[in-house]
Amino acid sequence: MPRNPDKRPCQMPTCRSWARRGSPYCASHQPKPGAAQAPAPPSVPDALDDLSLLEAELLRLLEARAEFQAWVREQRAAGSDISPQMVLKALGDSSARMVQIIRARRELIPRDDAMEELVESIWQELQAAQAEEAHHG
């Protein structure tokens, strides 16, 4: 992140330079005078890509939580001394990350029933995991 809030990255794909003032491109990608104008970069990034990324991260997080809970059960069954603080910290951290993802997702999607469906599915997953944990021990 630049220290100057007016700086913007060059809009040329794969370019890592900063754009020149008043232009969407860096010095090396700046169109030459008299040359055909390059098409302007899209002003609004595709929100679906961001939504897909957030949904994929949420699914990976849920899978990791399930794997962690299975690992804890295996360790307990093997007689290992698992610290309850470690388990609570890991679950608390992943829950905090889930809330961050849900908030970020809510910012990107239009208001409709999709948000309620996502929250409900996460809530059901958490309840099922809690019930399974209580059942196993």
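On a predicted model such as this, the values are computed, not experimentally measured, just so you know.

(A) Broad picture of the overall build of the chain. A count of helices and strands for the chain gives three helices and zero strands. Out of the 137 residues belonging to the chain, those deemed buried represent 20%. For the chain, restricting intrachain contacts to residue pairs at least 6 apart in sequence, the fraction spanning at least 24 positions comes to 41%. Entry remark: accessible area of the chain is about 10600 Å², with carbon and sulfur atoms responsible for 55%.

(B) Fine view of the nonpolar core. One finds Leu54, Leu58, Leu61, Leu62, Met98, Ile101, Ile102, Leu118 and Ile122 forming the largest nonpolar core, which totals nine residues. If you list the elements that add at least two residues to this core, you get helix 1 (47-77), helix 2 (84-108) and helix 3 (113-136). Those residues in contact with Ile122 that lie beyond four places of it in its chain are Leu58, Met98 and Ile102.

(C) Here's a closer look at helix 2. The first and last C-alpha atoms of helix 2 sit 36 Å apart over 25 residues, in line with the 36 Å expected at 1.5 Å per residue. Looking at helix 2, one finds that the buried residues are Val87, Ser94, Met98, Ile101, Ile102 and Arg105.

(D) Spotlight on the state of the cysteines. Overall, the coordinates contain zero disulfides when judged by the stated rule. Looking at Cys10, it has no disulfide partner, and the nearest cysteine sulfur is the one in Cys26, 3.8 Å off. In this structure Cys10 comes out as buried when scored by relative accessible area, which is 6%. Of the cysteine sulfurs around Cys26, a residue in no disulfide, the closest is that of Cys15, at 3.7 Å.

(E) Broad picture of the side chain of Ser94. In this structure, Ser94 sits in helix 2. Aside from chain neighbours lying at most four places away, what touches Ser94 is Leu61 and Arg65.

(F) View of the environment of Leu58. Mapping Leu58 onto the fold places it in helix 1. Aside from chain neighbours lying at most four places away, what touches Leu58 is Met98, Ile101, Leu118 and Ile122.

(G) Geometry of the confidence of the model for the chain. The predicted model of the chain has a mean per-residue pLDDT of 79, with 80% of residues at 70 or higher. Within the chain, the lowest mean pLDDT, 77, falls on helix 3, and the highest, 86, falls on helix 2.

(H) Main features of the pattern of salt bridges. Enumeration according to the criterion identifies three salt bridges in this entry. Lys89 serves as the salt-bridge partner of Asp93, at 2.9 Å between the closest nitrogen and oxygen. In this pair, Asp93 and Lys89 are both assigned in helix 2, four residues apart and thus about one turn of the helix distant. Among the residues examined, Asp93 registers a relative accessible area of 43% and is labelled partly exposed.

(I) Spatial organisation of the side chain of Arg65. Following the sequence through the fold, Arg65 ends up in helix 1. Of the buried charged residues, Arg65 lacks a salt bridge, with Glu125 as the closest side chain of opposite charge at 7.4 Å. Every residue in contact with Arg65, bar those within four places of it in the chain, is listed here: Leu91, Ser94, Ser95, Met98 and Leu126.

Scoring rules and cut-offs
Residues numbered from 1 in each chain as written. Predicted model: local features only at pLDDT ≥ 70, side-chain atom pairs only at ≥ 80, totals over all residues. Heavy atoms only, no water. Helix = DSSP H or I, 4+ residues; strand = E, 2+ residues; numbered from the N terminus. Buried < 20%, exposed > 50% of the residue type's maximum accessible area, 1.4 Å probe, protein only. Contact = heavy atoms within 4.5 Å. Areas by Shrake-Rupley, 256 points an atom, 1.4 Å probe, with all protein chains shown as cover. Core = buried A, V, L, I, M, F, W, Y, C linked by side-chain atoms within 4.5 Å. Expected span 1.5 Å × (residues − 1). Disulfide = S-S within 2.5 Å. pLDDT = per-residue confidence, 0-100. Salt bridge = Lys/Arg side-chain N within 4 Å of Asp/Glu carboxyl O. Lys, Arg positive; Asp, Glu negative; His and termini not counted.

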